[in-house]
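Each chain, written out:
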Amino acid sequence: MRTRAADAGDARRPAARAGGGLILAGLALALAGAISTQAAAAPAARVLAFDQCADQYVLGLAPRSAIVGLSTRADDADSRLRHLATGLPRFRVDLETALSRRPEVVVRYWGGDPRLVAALERRGVRVVTIDEAGDFDGVRANIRKVAAALGQTARGEALVAHMDARLARSAGAWRGETALYLTPGGVTAGPGALVHAVLTAAGLRNAETRPGFQTASLEALALDPPRRVVLGFFDSLQAAGDAWGPGRHRVLKRVAAERAVASIPSRYLGCPDWGAAEAVELLAAKAPR
């Protein structure tokens, strides 16, 4: 779920990368004081995450001491922040378990049905739902929404600043070359999908012009294969593909094997969060020099 400049431009690139690193370090230092002040001002809200995407937001924004529970998928291989989940309790979603943890805030993306959400809200628990994000503005809005609910606005702004610094360092790396995004199941994505924003942020022009997620045409792949392909989710169980789906077809397998310029791990694409900026950085690093 990206041809380089002339030699003179290439010569400047190492310095630009170093400058990007200094920017990230400077942002972290500048915001550390604000975070400390905020943390000292009031105790952090007790927070419970309902699903794997909520786990990323809670682990990324909440003080460890305030996390009363994560989902059972918090330490799965495709959980980007699984290293932060070590030692924290993990639970299946149900009302009894949720109430036993005495959360003040519950964060969810897809976890928890409407009845469970309503029951928690009746008992005074604030339920924050992460929205779909089709671009990085949507990710910024999600970060700020969850951060505000947790009383961690400074942490939220720090995450936004780090994400934007990654995007700035990676911008235009592929200089407008065209690529097609492709999953093991034969799915591609056009405008309105976050992965489209990932491609364009790295300087690629998306070969798929239909909006949202679409099934790639095997005929088009066979007769006019894209020059470049960006793979997504090929590290996950999805890579096996549907036994009767396009992902098992020899045409898709050949195009993926012969035309791929990058393979983005599922941990960067599965949730509408700042991991998408890490996917942009990965793509930019694969651009020809």
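Residues numbered from 1 in each chain as written. Predicted model: local features only at pLDDT ≥ 70, side-chain atom pairs only at ≥ 80, totals over all residues. Heavy atoms only, no water.

Enquirer: What's the story with the pairing of strand E5 (residues 126-129) in this structure? I'm lost.
Expert: When strand E4 (residues 105-108) meets E5, the two strands line up parallel, connected through 4 bridges. If you follow Val106 over to E5, its bridge partner there is Val127. For the crossover from E4 across helix H5 (residues 114-122) to E5, the handedness is right-handed. (Pairing = 2+ DSSP bridges. Helix = DSSP H or I, 4+ residues; strand = E, 2+ residues; numbered from the N terminus. Right-handed = clockwise from strand over helix to strand, strands pointing away.)

Enquirer: Even after reading the chapter, I still don't get the packing of helix H6 (residues 136-149) against helix H7 (residues 153-170), so can you show me in this structure?
Expert: When two helices pack together, you describe them by how their axes are tilted relative to each other and by the distance separating the axes. The interhelical angle for the contact between H6 and H7, taken along N-to-C directions, is 160°, at an axis separation of 7 Å. With respect to H7, the axis of H6 lies roughly antiparallel. When you trace H6 past H7, the crossing you get is right-handed. Between H6 and H7, the residues in contact are Phe136, Val139, Arg140, Ile143, Arg144, Ala147 and Ala148 and Thr153, Gly156, Glu157, Leu159, Val160, Met163, Asp164 and Leu167, respectively. Partitioned by chemical class, the residues of the contact of H6 with H7 number 9 nonpolar, 2 polar and 4 charged. (Axes fitted to C-alpha atoms, helices over the stretch in contact; angles between N-to-C directions. Parallel < 35°, antiparallel > 145°, perpendicular 65-115°, else oblique. Left-handed = near helix turned anticlockwise from the far one by under 90°. Contact = heavy atoms within 4.5 Å. Nonpolar A, V, L, I, M, F, W, Y, C, P; charged D, E, K, R; others polar.)

Enquirer: Sorry, what's going on with unusual backbone geometry here?
Expert: Negative phi values dominate among residues other than glycine, just as trans dominates among peptide bonds. One non-glycine residue with positive phi stands out, namely Arg102, at about 50°. The topology assignment puts Arg102 in the loop between helix H4 (95-100) and E4. Residue Phe233 is not a glycine yet carries a positive backbone phi of 70°.

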